[in-house]
Amino acid sequence: MKKTSVLCILLFTCFFILSGKNRSKLYKTDPVLKKIAFVYSSNFLKFQKEVNLLDSLSNNIGSYKDIKYQIKKTRLAYKKIEFIFDYYQTFYNTSYINGAPLPKISEYFEATNVIQPNGLQALDEVVFEESSLENKQQIKNLANKLKERVDFLLKSHLPIALKPSQIIESIRSGIVRIFTLGITGYDTPGSVNGLEESLVSLQSMETTFSYFKEGINSNANTKFKNIIKLFKKGKNLLLSENNFNNFDRMLFLKEIVNPLYAELLEFQNLNNTLLEPYKKHAQNYKAKNIFDVNFINANFYSELVYLPLDNKKTIKLGKLLFNDSLLSNSGKMSCLTCHSPSKGFADGLPKSVSNKKGTFGARNAPTLLNAGYSTRYFLDMRASNLETQVAHVIDNPLEFNTTFKVIINKLTKNNNYRKLFKDAYGGIHKQTINQKSISNAIAAYVNSLKSFNSLFDKYVRNEIKEYPENAKRGFNLFMGKGTCATCHFAPVFNGTTPPFYLETESEVLGITQGFDSISPKLDNDLGRYDNGLKGDKQPYFKNSFKTVSIRNADLTAPYMHNGLFYTLEDVLAFYNLGGGEGMGLKVENQTLSNAHLNLSKQEIDDIIAFIKTLSDTSEHKTDKTKNEFLE
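Residue numbers run consecutively from 1 along every chain, following the written order of its sequence. A pLDDT threshold of at least 70 governs which residues receive local features in this predicted model, and a stricter bar of 80 or more applies before side-chain atom pairs are shown or counted, although totals over entire chains, interfaces and linings include all residues. Here the side-chain values reflect all heavy atoms present in the structure, with hydrogen atoms and water set aside.

**What to know about the overall build of the protein**
Right, on to step 1. Strands here mean DSSP runs of E at least two residues long; helices mean DSSP runs of H or I at least four residues long; both are numbered from the N terminus. A count of helical and extended segments in the protein gives 21 helices and two strands.
Right, on to step 2. When its C-alpha atoms are laid out on the principal axes, the protein stretches across 70 × 60 × 60 Å.
Right, on to step 3. A 1.4 Å probe rolled over the protein chains alone gives each residue an accessible area, and that area as a share of the maximum for its type sets the label: buried under 20%, exposed over 50%, partly exposed in between. Here the protein, with 631 residues, has 56% of them falling under the buried criterion.
Right, on to step 4. We call two residues in contact when some of their heavy atoms are within 4.5 Å. A separation threshold of at least 6 residues defines the contact pool for the protein, and within that pool the share at least 24 residues apart is 69%.
Right, on to step 5. Per-residue and other accessible areas were derived by the Shrake-Rupley procedure at a 1.4 Å probe size, with only the shown protein chains allowed to occlude residues. Accessible surface computed for the protein: about 27900 Å², of which carbon and sulfur atoms make up 53%.
Right, on to step 6. Here the protein contributes 80 positive and 62 negative side-chain charges, whose respective centroids are spaced 6 Å apart. In this count, Lys and Arg are taken as positive residues and Asp and Glu as negative ones, while His and the chain termini are left out. Charge positions are represented by NZ for Lys, CZ for Arg, CG for Asp and CD for Glu.

**Topic: the packing of helix 14 (residues 404–412) against helix 16 (residues 435–447)**
Right, on to step 1. Convention adopted: a line fitted to C-alpha atoms gives each axis, helices being fitted over their contacting stretch, and angles between N-to-C directions are expressed from 0 to 180 degrees. Packing of helix 14 against helix 16 leaves a shortest axis separation of 10 Å and a crossing angle of 85°. Classified by the interaxial angle, the pair formed by helix 14 and helix 16 is roughly perpendicular. Touching Phe-404, Ile-407, Ile-408 and Leu-411 of helix 14 are Gln-435, Ile-438 and Ser-439, all from helix 16.
Right, on to step 2. Residue classes follow a fixed rule: Ala, Val, Leu, Ile, Met, Phe, Trp, Tyr, Cys and Pro count as nonpolar, while Asp, Glu, Lys and Arg count as charged, and any other residue, Gly among them, counts as polar. When grouped by side-chain class, the residues that make up the contact of helix 14 with helix 16 number five nonpolar, two polar and no charged. The labels follow the angle: roughly parallel below 35 degrees, roughly antiparallel above 145, roughly perpendicular from 65 to 115, and oblique for the rest.

**Some points on the packing of aromatic side chains**
Right, on to step 1. Here the aromatic set is Phe, Tyr and Trp, taking the six-membered ring for Trp, and pairing holds for ring centres within 6.5 Å; pairs whose planes are under 30 degrees apart are stacked, those over 60 apart are edge-to-face, and all others are tilted. Following the criterion strictly, the structure yields 44 aromatic pairs and no others.
Right, on to step 2. Residues Phe-478 and Phe-493 carry aromatic rings whose centres are separated by 5.6 Å and whose planes lie at 90° to one another, so their mutual orientation is edge-to-face. Of this pair, Phe-478 sits in helix 18 (residues 469–479) while Phe-493 sits in the loop between helix 18 and strand 1 (506–508), and the two are 15 residues apart along the sequence. Like Phe-478, the residue Phe-493 is buried in the burial classification.

**Remarks on empty space enclosed by the protein**
Right, on to step 1. Only protein atoms enter the calculation, which uses a 1 Å grid: trapped sets of points that fit a 1.4 Å probe without letting it out are cavities, open sets showing protein on both sides within 12 Å along at least five of seven lines are pockets, and any residue with an atom within 4 Å of a point is a lining residue. Grid points are joined across faces, edges and corners, and a volume is the space filled by probe spheres set on the points. Counting across every chain of the model gives six cavities of 30 Å³ or more.
Right, on to step 2. A volume near 100 Å³ is recorded for the largest cavity.
Right, on to step 3. Taken together, 14 residues make up the lining of the largest cavity; nearest its centre are Lys-79, Glu-82, Arg-177, Ile-178 and Ser-201.
Right, on to step 4. Ranked by residues supplied to the lining of the largest cavity, first place goes to helix 9 (residues 194–210) with five residues.
Right, on to step 5. Of the residues in the lining of the largest cavity, the class split is three nonpolar, six polar and five charged.

**Examining helix 18**
Right, on to step 1. Buried residues of helix 18: Ala-471, Gly-474, Phe-475, Asn-476, Leu-477, Phe-478 and Met-479, and no others.
Right, on to step 2. Of the surrounding secondary structure, the elements contacted by the buried residues of helix 18 are helix 8 (164–182), helix 11 (249–270), helix 17 (455–460) and helix 21 (601–612).

**Description of unusual backbone geometry**
Right, on to step 1. Residues Leu-158 and Pro-159 are joined by a peptide bond in cis, for which omega reads -5°.
Right, on to step 2. Within the secondary structure, Pro-159 is located in the loop between helix 7 (133–156) and helix 8.
Right, on to step 3. With an omega dihedral of 0°, the bond running from Ala-557 to Pro-558 counts as a cis peptide bond.
Right, on to step 4. Considering the arrangement of structural elements, one finds Pro-558 in the loop between strand 2 (544–546) and helix 19 (568–576).
Right, on to step 5. Despite not being glycine, Met-381 has its phi angle at roughly 65°, a positive value.
Right, on to step 6. Positionally, Met-381 belongs in the loop between helix 12 (312–323) and helix 13 (386–394).

**Structural notes on the state of the cysteines**
Right, on to step 1. Pairs of cysteine sulfur atoms within 2.5 Å are identified as disulfides in what follows. Counting across every chain of the model gives zero disulfides.
Right, on to step 2. The thiol of Cys-484 is not disulfide-bonded; the next cysteine sulfur, from Cys-487, is found 8.9 Å away.

**Digging into the pattern of salt bridges**
Right, on to step 1. We define a salt bridge as a contact between a side-chain nitrogen of Lys or Arg and a carboxyl oxygen of Asp or Glu at a distance within 4 Å. By the definition in use, this model includes 33 salt bridges.
Right, on to step 2. Two residues, Lys-72 and Glu-196, come together in a salt bridge whose shortest N-O distance is 3.3 Å. Taken together, the positions of Lys-72 in helix 3 (residues 64–79) and Glu-196 in helix 9 put the pair 124 residues apart, joining distant regions of the chain.
Right, on to step 3. Take Lys-72: its relative accessible area is 35%, and that puts it in the partly exposed class.
Right, on to step 4. Classification of Glu-196 by relative accessible area gives partly exposed; the value is 31%.
Right, on to step 5. Through salt bridges with shared partners, one network takes in Arg-75, Lys-79, Glu-82, Asp-86, Asp-124, Arg-177, Asp-187 and Glu-197.

**Description of the environment of Tyr-87**
Right, on to step 1. By the secondary structure assignment, Tyr-87 is in helix 4 (residues 82–88).
Right, on to step 2. As a C-alpha pair, Tyr-87 and Pro-499 span 412 residues in sequence and 9.2 Å in three-dimensional space.
Right, on to step 3. When near neighbours in sequence (up to four residues on either side) are disregarded, Tyr-87 contacts Glu-82, Gln-166, Glu-169, Ser-170, Pro-277, Tyr-278, Lys-279, His-281, Tyr-285 and Phe-500.
Right, on to step 4. Contacts described as polar in this section are N or O atom pairs within 3.5 Å, which, within protein, must combine one atom able to donate a hydrogen with one able to accept it, while residues neighboring in sequence count only if both atoms come from side chains. A polar contact of 2.6 Å, which involves the side chain of Tyr-87, links it to the side chain of Glu-169.

Following this line, the structure appears as structure tokens:
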């Protein structure tokens, strides 16, 4: 297995090195692409120059002030190339150039080895920590590594091969990045310089887009001018506010982000620019709005399942199975037991009920609404897709406590189920009722539980004109000062990271056994560290849990993996204190900042007002314990 992994890494590296050279002729045939490629390459070389200066300063022990200033210059130089670079080299970027300043394991690089914090975000964070010899040594090491990675890229990444549609897509993804990672502060954990960096990014995207004026289809002229106006308006908004906390993110979303995202797609269509994605992303480039129902393609996360999860027949069958207590050993428990539509597909209990009287499960039951937008499942992230998640429930002694063999026998005896399975899965396998088809049907139903028609969604899509003023303030706080959006990413507001939504994160919050800020005790659930997966047996995953969506949170109390908090007020109070570490606990691997947020009571109330506008169960109100169809 290890030899195979090493071989895969070698092959991938060879492809990475050769891919740019093999396709380098493409951009030379189109004058627009030639200019874009030239500007991009020039900016990349300027970025390399700034990296070299940073490396030199850190090696020669320059003044801390000079090093801090050089890190800023280096980051701003990077922002001019990021939207294209990240589009073409996503995994290399997030692993080595501008990934989160946390240890990680990449399936694409260094096999199962832990990649320590590195790159631009790590530099931004460490340079704003208290100055010390250890701190300066860390900066030196980070700068040395960054130089090494950027020098390597020059041998493989340039010259770059471009296509018109890919440039448009990279700009649209860049806009998503600005909204979700730039103006939220995610990208600048130390400097909080997100507004200036977003301005530089937007300026670079405008410059790149402006080259499409040459040879433009006459039908696209008006659209081109509108887009240039939107870019200029966006820059003016970013320039008009120097205070990170005061920036009006709702205004920026409604007047710049969503219009630009839509107009660029329309320009692409009017200019007869074919959709030719460079690689497969979860972001759906046919969507017109970041908060459209189809902005993220849920099927992206379930490509290796038995049958595509958007099949209407399997969804209908899955709903019947979801409701049916026949599947459990006792005949009294169904999926509805812990995931009731009337409770936002949760159960309203601190820890989920079990099949044994007086005994409860190990953790809180999270909502299943929008559960499909993830690369890992369960709070400890032990399942890789919705089908395998079903299997964990079937054989759990405290849940269904049975086997697929027993369930198959029960379902086979039911005439209606035999007909439904044959209709949905006939021709795939000689036995239509089997483990894969059962898991697939339930997974299809769970995957269909989408919730994107809340009051907030309708307002930002311009379907309604009225929206509460306190919720507007709350959204701005959520996306800014409150730092909520640095873990709960729009539009699902879960831990699946933008702009391509390829990976789901977990966080260490320092959750306590009870909400005691005077003498707190760390909860003893090890979470992801103890999920049984070898790759997750890392110290930094101790007490780490999946970041779930805060959509419909108003309906799904109590909160956290242990059901610690019964109100959203308590949740916000916990975050306001800086989590467990902020309350004085020693949580060495806490990913949540231990700094107090200093949110006032009014600000907390406003954030809660915003969260409440994310509730939407309009399409999922049925709550039956029996399947009348089968009786």
